[in-house]
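As a plain string of letters, each chain reads:
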Amino acid sequence: MFYYVLKHVLLGPLLRLAFQPRIEGLEHIPSSGGAIVAGNHLSFSDHFLMPAILKRRITFLAKAEYFTGPGIKGRLTAAFFRSAGQIPVDRSGKEAGQAAIREGLGVLRQGELLGIYPEGTRSHDGRLYKGKVGVAAMALKARVPVVPCAMIGTFEAQPPGQKIPNLHPVVIRFGEPLDFSRYAGMENEKAILRAVTDEIMYAILTLSGQEYVDRYAADVKAEAAAESAERARRFPRMPLS
């Protein structure tokens, strides 16, 4: 119930007014039945903009940190994400990935839309990174189509670390559904999962026009953080006199 209050009364109208998103390819979203919407992930705003413009309800797999924050702010954030129909996912370790797949399959088998960011985390520099194969595993096991989606302009509207969004034009572009029924029964083959995931990422890339990096975003982020820490260690800031 609260999902629709957020969508149609509280948050949805505000987001549409602030960002005035241009929607392309909305007809590619199936009118019924389970389907995956797989998109790039450039901004915190992505979680809310896509649900605001879709006619159907969509459930996202959201990182568990949104549900476990400390204090009043943390509890309010967790309550908000649960009310918006988001599912917490622990992203640490192999078993965590399997848990995410099980949760996603539950949504799809109920004939609902599932939103996924195959990169696994937000892009820190606006580029598109290598996709993780969980999206392929779910598509093949549930035997549902995958609709590629490109969020364009949300990185500029709300870059990483910025709490208040900028007024910047946003485009949300959906591509034609991808059918992977030719791989039925092959969901446990690593080469097939990689091929399906790469096909999904190529479709997103074609829609978004981003620069592509054939590495996982989390690895690149970790390296950048380590380099930044090393620079800080080697060249500490002098205290102001």
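That block above? That's the structure.
The text that follows walks through the structure, step by step, so that each part is easy to find. (Residues numbered from 1 in each chain as written. Predicted model: local features only at pLDDT ≥ 70, side-chain atom pairs only at ≥ 80, totals over all residues. Heavy atoms only, no water.)

1. Topic: the pattern of salt bridges
For step 1, the next point in the chain: A complete count under the given rule lists eight salt bridges for this structure.
For step 2, the next point in the chain: The partner of glutamate 24 in a salt bridge is arginine 22, with the nearest N and O atoms 2.8 Å apart.
For step 3, the next point in the chain: Note that arginine 173 is salt-bridged to glutamate 24, the shortest N-O span being 2.6 Å. Here arginine 173, found in strand β8 (residues 171–174), pairs with glutamate 24, found in strand β1 (residues 22–24); they are 149 residues apart in sequence, far enough to count as distant. (Salt bridge = Lys/Arg side-chain N within 4 Å of Asp/Glu carboxyl O. Helix = DSSP H or I, 4+ residues; strand = E, 2+ residues; numbered from the N terminus.)

2. Some thoughts on unusual backbone geometry
For step 1, the next point in the chain: In this structure, arginine 143 is a non-glycine residue whose phi angle is positive, near 55°.
For step 2, the next point in the chain: Looking at the element boundaries, arginine 143 is found in the loop between α5 (134–142) and β7 (146–152).

3. Description of the sheet that holds strand β2 (residues 35–39)
Backbone-to-backbone hydrogen bonds join strands into a sheet, with any given pair of strands oriented parallel or antiparallel.
For step 1, the next point in the chain: Across the sheet, which stays open at both edges, the seven strands sit in the order β1-β8-β7-β2-β5-β3-β4 with mixed pairing between neighbours. Every interior strand has two partners, whereas the edge strands, β1 and β4 (87–89), have only one. Recorded for the sheet is a direction-independent mean angle of 25° between the axes of neighbouring strands.
For step 2, the next point in the chain: Where β2 and strand β5 (residues 113–116) come together, four bridges link them in parallel fashion. By the bridge assignment for β5, valine 37 is matched with glycine 115.
For step 3, the next point in the chain: Contacts from helix α7 (residues 190–208) reach β2, β7 and β8, with the element oriented near 35° to β7. (Pairing = 2+ DSSP bridges. Axes fitted to C-alpha atoms, helices over the stretch in contact; angles between N-to-C directions. Contact = heavy atoms within 4.5 Å.)

4. Details of the environment of aspartate 46
For step 1, the next point in the chain: By secondary structure assignment, the location of aspartate 46 is in helix α2 (residues 46–53).
For step 2, the next point in the chain: Using a relative accessible area of 0% as the deciding quantity, one classes aspartate 46 as buried.
For step 3, the next point in the chain: A sequence separation of 112 residues divides aspartate 46 from glutamine 158, and the C-alpha atoms of the two residues are 9.5 Å apart.
For step 4, the next point in the chain: Setting aside its immediate chain neighbours within four residues, aspartate 46 contacts Asn40, His41, Pro51, Tyr117, Met151 and Thr154.
For step 5, the next point in the chain: Within the structure, the side chain of aspartate 46 is placed 3.0 Å from the backbone nitrogen of serine 43, a separation counted as a polar contact.
For step 6, the next point in the chain: Side chain to side chain, aspartate 46 and threonine 154 meet in a polar contact 2.9 Å long. (Buried < 20%, exposed > 50% of the residue type's maximum accessible area, 1.4 Å probe, protein only. Polar contact = N/O pair within 3.5 Å; in protein donor to acceptor, adjacent residues only side chain to side chain.)

5. Section: α5
For step 1, the next point in the chain: Among the nine residues that make up α5, seven are buried, leaving the element largely enclosed by the rest of the structure.
For step 2, the next point in the chain: Following α5 by one or two positions, arginine 143 has its phi on the positive side, about 55°.

6. Side note on the nonpolar core
For step 1, the next point in the chain: If you look at the biggest cluster of nonpolar residues, it comprises 32 residues, and the most contacted ones within it are Ile36, Met138, Val146, Phe180, Val196 and Ile200.
For step 2, the next point in the chain: When contributions to this core are tallied by element, the ones reaching two or more residues are β2, β4, α4 (94–109), β5, α5 and α7.
For step 3, the next point in the chain: Dropping the residues within four chain positions of it, valine 196 is found in contact with Ala136, Leu140, Phe180 and Tyr183.
For step 4, the next point in the chain: Ranked by size, the runner-up nonpolar core spans 19 residues in total, among them Leu49, Met50, Tyr117 and Met151. (Core = buried A, V, L, I, M, F, W, Y, C linked by side-chain atoms within 4.5 Å.)

7. Re the pairing of β8
For step 1, the next point in the chain: Bridge count between β1 and β8: three bridges; the pairing is parallel. Residue pairing across strands places isoleucine 23 opposite isoleucine 172, the latter belonging to β8.
For step 2, the next point in the chain: Sheet analysis places β7 next to β8, joined by four bridges and oriented antiparallel. Across the sheet, the residue bridging to cysteine 149 is phenylalanine 174, located in β8.

8. With respect to the environment of serine 43
For step 1, the next point in the chain: Structurally, the position occupied by serine 43 is in the loop between β2 and α2.
For step 2, the next point in the chain: For the pair serine 43 and histidine 124, spaced 81 residues apart in sequence, the C-alpha separation works out to 8.9 Å.
For step 3, the next point in the chain: Setting aside chain neighbours within four positions, we find serine 43 in contact with Arg122, Thr154, Phe155 and Gln158.
For step 4, the next point in the chain: Here serine 45 takes part through its backbone nitrogen, which lies 3.0 Å from a polar atom of the side chain of serine 43.

9. Points about the pairing of β7
For step 1, the next point in the chain: In terms of burial, β7 is a largely internal element, six of the seven residues being buried.
For step 2, the next point in the chain: Where β2 meets β7, four bridges bridge the pair, whose relative direction is parallel. Directly across from isoleucine 36, in β7, lies its bridge partner valine 146.

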